[in-house]
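Structural description and commentary
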Amino acid sequence: MKLITAIIKPFKLDDVRKAISDVGVLGVTVTDVRGFGRQRGHTEIYRGAEYAVEFVPKVKIEIAVVDALADQVIEAITNSAKTGKVGDGKIFVFDLAHVIRIRTNERDAQAI
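An account of the accompanying structure is given in this report. Predicted, not measured: the structure shown is a model, and the values here were computed from it.

1. Looking at the overall build of the protein chain
- Summing up its helical and strand segments, the protein chain has two helices and six strands in all.
- Walking the protein chain from its N terminus toward its C terminus, one meets helices and strands in the order β-α-β-β-β-β-α-β.
- Since a compact globule built from 112 residues should have a radius of gyration of about 13 Å, the 17 Å found for the protein chain marks it as more spread out than a globular shape.
- Seen through its principal axes, the protein chain has C-alpha atoms that stretch 55 × 25 × 20 Å.
- A buried classification covers 28% of the 112 residues belonging to the protein chain.
- Intrachain contacts of the protein chain at a sequence separation of at least 6 include 72% that bridge at least 24 residues.
- A total accessible area of about 7700 Å² is found for the protein chain, and carbon and sulfur atoms account for 52% of it.
- Between the mean site of the 17 positive side-chain charges and the mean site of the 15 negative ones, the protein chain shows a separation of 3 Å.

2. Some points on the side chain of Lys-9
- Position of Lys-9 among the secondary structure elements: in the loop between β1 (2–8) and α1 (13–23).
- A relative accessible area of 13% means that Lys-9 is categorised as buried.
- When sequence neighbours within four positions are dropped, the list of residues in contact with Lys-9 reads Lys-58, Thr-83, Lys-85, Val-86, Gly-87 and Asp-88.

3. A few points about the environment of Lys-60
- By the secondary structure assignment, Lys-60 is in strand β5 (residues 56–65).
- Each C-alpha atom of the pair Lys-60 and Val-23 lies 19 Å from the other, and the pair is 37 residues apart in sequence.
- Apart from residues lying up to four places away in sequence, Lys-60 is in contact with Thr-5, Ala-6, Ile-7, Thr-29, Val-30, Thr-31 and Val-33.

4. Side note on the sheet that holds strand β2 (residues 29–35)
- Taken in spatial order, the four strands make up an open sheet running β2-β5-β1-β6, and their pairing is antiparallel. Each edge of the open sheet carries a strand with a single partner, namely β2 and β6 (89–95). On average, each strand axis in the sheet is inclined to that of its neighbour by 20 degrees, with strand direction left out of account.
- In terms of strand pairing, β1 meets β5 through seven bridges, oriented antiparallel. From the neighbouring strand, Thr-5 faces β5, where its bridge partner is Glu-62.
- Helix-sheet contacts for α1 involve β1, β2 and β5, and the interaxial angle to β5 is about 10 degrees.
- The strands touched by helix α2 (residues 67–81) within the sheet are β1, β5 and β6, with β1 carrying the most contacts at an inclination of about 5 degrees.

Definitions and cut-offs
- Residues numbered from 1 in each chain as written.
- Predicted model: local features only at pLDDT ≥ 70, side-chain atom pairs only at ≥ 80, totals over all residues.
- Heavy atoms only, no water.
- Helix = DSSP H or I, 4+ residues; strand = E, 2+ residues; numbered from the N terminus.
- Rg over C-alpha atoms; globule rule 2.2 N^0.38 Å.
- Buried < 20%, exposed > 50% of the residue type's maximum accessible area, 1.4 Å probe, protein only.
- Contact = heavy atoms within 4.5 Å.
- Areas by Shrake-Rupley, 256 points an atom, 1.4 Å probe, with all protein chains shown as cover.
- Lys, Arg positive; Asp, Glu negative; His and termini not counted.
- Charge placed at Lys NZ, Arg CZ, Asp CG, Glu CD.
- Pairing = 2+ DSSP bridges.
- Axes fitted to C-alpha atoms, helices over the stretch in contact; angles between N-to-C directions.

Set out below in structure tokens:
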């Protein structure tokens, strides 16, 4: 099993959600986050004053999947989140040792 974590631009969330649903993903966790990479933030002007936005708003998506589905999910996220510009995001893939559904005590693949 894999835990796929993707950091994407907020306006791409609906596209990514649809793409992963089409692949067969049943559950996803979404969190609003802020950060920077090569983008290094940007400057904005508000009421005539310029200020630096060092942490850019992003969305973090976490998806637990069985190994057989991981590559398809990664491809779906990559294709749907890509704009071709700096700041498109990153995908991290982790091995999951165990997954337990609390309500039924199902484990591993059955709990996903």
